[in-house]
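Architecture and fold: a report
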Amino acid sequence: MIIEMGTTATAKQIEMVTREIKAVGLDFQINEGRERTIIAVLGADIKKTFDPQKFKALPGVEDIIPISKPYKLASRDFKSEDTVIKIGGIEIGGKDVVLMAGPCSVEGESQIFRCAEVVKKAGGKILRGGAFKPRTSPYSFRGLKEQGLHFLRRAADQFGLLVVTEIMSVGSIKLVADYADILQVGARNMQNYDLLEALNSCKKPVLLKRGPSAEIEEWFCAADYILNGSDTPNVILCERGMKTFERSTRYTLDIAAVPVAKRLSHLPIVIDPSHAAGNFRYVPALAKAAIAAGADGIIVEIHPEPKRALSDGAQSLTFSDFARLSEELKVIASAIGRDM
Ligand code: PEP
Ligand code: MN
C-alpha cells in the first residue's frame with residue numbers, strides 16, 4: 001500500500017500518519033520526493049489491519065494506492081524519480097555511464113595494481129576483484145580472502161578508484177565493508193535472504209546481481225530485502241546473463257532487463273557482459289549493446305594474462321582489448337547524450 005501525501009502536507013501530518021501505521025502493527029518507509037512525500041506501508045498483515053478509508057481521512061493525505069506487486073521499495077510507484085547513488089564523488093544512475101573493471105579474482109599484489117592502472121587510464125571509476133570467490137567446485141581457487149581485500153584497497157587508492165567486491169556471508173559483512181565502497185551480492189546469493197537482510201543495516205551501497213534463473217520480479221523482491229529498513233535507496237541492479245537452452249555463450253544476456261528495470265524501478269542498473277558471454281570475443285559487443293540500451297554502467301573482467309587467470313580467464317579481456325572497448329563505449333555514451 002502506498003500513501004501519497006498532498007504537496008502541501010506538513011511534517012506534523014506525515015508524523016501523524018506514520019504513528020497510525022505503527023498503531024495498527026505495520027511498518028513503513030518514507031520517500032521524500034521533489035514534489036510530495038510517499039509513504040510505503042509494509043507488513044505481512046496489511047490486508048487484515050490496514051483500513052484505507054481511515055487513512056484517507058487523515059489530514060494531509062491525498063490518496064491511497066494499493067501496490068499489487070510483491071516488491072514495493074524498489075518500484076517506481078514508491079519513488080518516481082531515478083535514484084542516483086553518490087559515492088566518493090562518483091554518481092551511479094546519473095548522466096555519467098560508469099565503467100567498472102578488474103580481474104575476476106584478486107590473485108596477487110602486482111596483478112591487481114596492474115589492472116588498477118589500466119582501469120584508471122581507460123576512464124574507469126571503480127575497480128572490481130573478488131577476494132571471497134563462490135566457485136562451483138570446492139577445489140577451484142576460492143580467493144585470497146582478507147589479503148586480497150587489502151591488495152584491492154591499496155591498488156584502488158593508489159589510482160584514485162573505488163572498490164567493488166563480493167560479499168558471500170553475513171559473518172564477513174563487517175570485514176568486507178571495511179575495505180570496499182560497494183558490496184557485490186553474487187548471482188548465486190541473490191536469494192540468500194539472511195544475507196540480503198543483514199545488508200540493510202550496512203551503510204555501503206550493494207551491487208545486486210540477478211540470479212541466472214531469477215525472474216526480474218524475483219530480483220526486485222531481493223532488492224526490497226536490502227532496501228527495507230535502510231535510510232537510503234542504495235542498491236545497484238546488475239544483469240549478468242540467464243540460464244537458457246543456448247550453449248554457445250555461458251549465459252544469455254537479457255538486454256531487455258535494462259528498459260524493463262528502468263520502467264518498473266527507480267534503481268540504477270549496470271550490465272556485466274563478461275559472465276553473460278563467458279568468452280572474451282563476445283564481451284565488447286554485449287558491453288556496447290548495454291550502453292546503447294540505457295544501462296548506467298558496465299562491470300567487465302580484465303586480466304594482464306587471461307590465459308593464466310585463476311578464474312574466468314576465458315571471458316577476461318586483455319588490457320589492449322579493454323582500452324579499445326573503453327574508447328568505443330565513450331562514443332556510444334555520447335551518441336545517446338551521456339558522458340563517460
Ligand atoms: C564475479 O563477479 O566474478 C561472479 C562470480 O559473478 P556472478 O555472481 O555473476 O557469477
Ligand atoms: Mn568472474
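Residues numbered from 1 in each chain as written. Chains lettered and ligands numbered in written order. Predicted model: local features only at pLDDT ≥ 70, side-chain atom pairs only at ≥ 80, totals over all residues. Heavy atoms only, no water.

1. A few points about the overall build of the protein chain
Counting its secondary structure elements, the protein chain contains 12 helices and 14 strands. Expected size for 340 residues packed as a compact globule is a radius of gyration near 20 Å; at 21 Å, the protein chain falls within 12% of this value. Here the protein chain, with 340 residues, has 54% of them falling under the buried criterion. Put simply, 67% of the contacts in the protein chain that link residues at least 6 apart link residues at least 24 apart. (Helix = DSSP H or I, 4+ residues; strand = E, 2+ residues; numbered from the N terminus. Rg over C-alpha atoms; globule rule 2.2 N^0.38 Å. Buried < 20%, exposed > 50% of the residue type's maximum accessible area, 1.4 Å probe, protein only. Contact = heavy atoms within 4.5 Å.)

2. Some thoughts on the environment of Cys-221
The residue Cys-221 is located in helix H8 (residues 216-227) in this model. The sequence separation of Cys-221 and Asp-254 amounts to 33 residues, and the corresponding C-alpha distance is 18 Å. Among residues more than four places away in sequence, those in contact with Cys-221 are Pro-70 and Tyr-71.

3. A word on the site of ligand 1
As a structural note, the neighbourhood of ligand 1 is formed by Cys-104, Arg-128, Lys-133, Glu-166, Gln-184, Gly-186, Ala-187, Arg-188, Lys-209, Arg-240, His-275 and Glu-301. Side-chain polar atom of Arg-188 to an oxygen atom of ligand 1: 3.4 Å apart, as the coordinates give it. Notes on ligand 1: free accessible area 290 Å², of which the protein chains cover 97%. Grouping the amino acids of the shell around ligand 1 by side-chain chemistry returns 2 nonpolar, 3 polar and 7 charged. (Near = heavy atom within 4 Å. Polar contact = N/O pair within 3.5 Å; in protein donor to acceptor, adjacent residues only side chain to side chain. Areas by Shrake-Rupley, 256 points an atom, 1.4 Å probe, with all protein chains shown as cover. Nonpolar A, V, L, I, M, F, W, Y, C, P; charged D, E, K, R; others polar.)

4. With respect to the sheet that holds strand E8 (residues 126-128)
Around the barrel, 8 strands lie side by side as E7-E8-E9-E10-E11-E12-E13-E14; this closed barrel has parallel pairing. Between one strand and the next, the sheet's axes are offset by a mean angle of 25°, whatever the strand orientation. For strand E12 (residues 235-239) and strand E13 (residues 269-271), the ladder comprises 3 bridges, and the chain directions are parallel. Paired with Glu-239 across the two strands is Ile-271, which belongs to E13. This element, helix H9 (residues 257-264), spans E12 and E13 of the sheet and lies at about 170° to E13. (Pairing = 2+ DSSP bridges. Axes fitted to C-alpha atoms, helices over the stretch in contact; angles between N-to-C directions.)

5. Observations concerning the domain arrangement of the protein chain
Taken as a whole, the protein chain is organised into domain 1 (2-65) and domain 2 (85-335). Taken over C-alpha atoms, the centre of domain 1 sits 36 Å from the centre of domain 2. (Domains from an automatic or database assignment.)

6. Re the nonpolar core
If you look at the biggest cluster of nonpolar residues, it comprises 79 residues, and the most contacted ones within it are Leu-127, Leu-199, Leu-208, Trp-219, Leu-237, Ile-298 and Phe-322. No other element matches H8, which puts 7 residues into this core. Residue contributions to this core reach at least three from each of two domains, namely domain 1 (2-65) and domain 2 (85-335). (Core = buried A, V, L, I, M, F, W, Y, C linked by side-chain atoms within 4.5 Å.)

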